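This is what each chain is made of:
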Amino acid sequence: GEEVAQTPKHLVRGEGQKAKLYCAPIKGHSYVFWYQQVLKNEFKFLISFQNENVFDETGMPKERFSAKCLPNSPCSLEIQATKLEDSAVYFCASSQRDRGFQYFGAGTRLSVL
Amino acid sequence: QQPVQSPQAVILREGEDAVINCSSSKALYSVHWYRQKHGEAPVFLMILLKGGEQKGHEKISASFNEKKQQSSLYLTASQLSYSGTYFCGTGDQFYFGTGTSLTVIP
């Protein structure tokens, strides 16, 4: 497609529940990035993929966060046992190159209660 | 490692100019600029790939000083539609700047 599609738009979870977010990158884009935006002015990098391979995962809290990009499937970001501090907007972006500019999806707002 | 932007916030009247600065402690090979409106996704504005390069987009332009590891975004004759939060992004795209909130009022 011509846009990065993220689903769902909103997700509400009780503390300790699992949350799974999806991202379909723009067709032809090899790189996918996940970011967490808690406060309006801060983007925290989580992980990036080059096709189905992890490119950089230095931002991932590995204990509870995991992500995949499998062929012919949307990419996913999963949070096991969510905590209150996981409440944020999670953005996915895709790019043709690792240093190319990024197209962002509309984001998934995760609320952990 | 996150680039630092200044100012943090600015309020302009329509028609006024503004400059937003982005400084990195790491060597910059390229700089990207994005604008995010409230409740929306960031939108790409421009990319600067070489030191000293300046690029323009309507009344928004940017410069990139590789030696100083800095980039500046220039907004001239601001319009109401320019309101939003502006982010710079380092070339490896894993770090976005601290953000600058810009509000244009009539």
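Going by the structure above, here's the rest.
(A) Structural detail: the overall build of chain B. Assigned secondary structure in chain B consists of zero helices and 10 strands. Listed N to C, the secondary structure of chain B is β-β-β-β-β-β-β-β-β-β in terms of helices and strands. Counting the 106 residues in chain B, one finds 47% classified as buried. Pairs at least 24 residues apart make up 54% of the contacts formed inside chain B by residues separated by at least 6 positions. For chain B, the accessible surface area stands at approximately 5,100 Å², while carbon and sulfur atoms represent 51% of it.

(B) The arrangement of the sheet that holds strand 7 (residues 65-68) of chain A in detail. Residue and element names in this part refer to chain A. Ordered in space as 1-3-8-7, the four strands form an open sheet in which the pairing is antiparallel. Looking along the sheet, the strands with just one partner apiece sit at the ends: strand 1 (5-7) and strand 7. Averaged over all pairs of adjacent strands, the angle between their axes in this sheet comes to 15°, without regard to strand direction. Two strands pair when backbone bridges link them, and strand 7 and strand 8 (residues 75-79) are joined in this way by four bridges, in the antiparallel orientation. Paired with Ala67 across the bridge in strand 8 is Leu77.

About the criteria used
Residues numbered from 1 in each chain as written. Chains lettered and ligands numbered in written order. Predicted model: local features only at pLDDT ≥ 70, side-chain atom pairs only at ≥ 80, totals over all residues. Heavy atoms only, no water. Helix = DSSP H or I, 4+ residues; strand = E, 2+ residues; numbered from the N terminus. Buried < 20%, exposed > 50% of the residue type's maximum accessible area, 1.4 Å probe, protein only. Contact = heavy atoms within 4.5 Å. Areas by Shrake-Rupley, 256 points an atom, 1.4 Å probe, with all protein chains shown as cover. Pairing = 2+ DSSP bridges. Axes fitted to C-alpha atoms, helices over the stretch in contact; angles between N-to-C directions.

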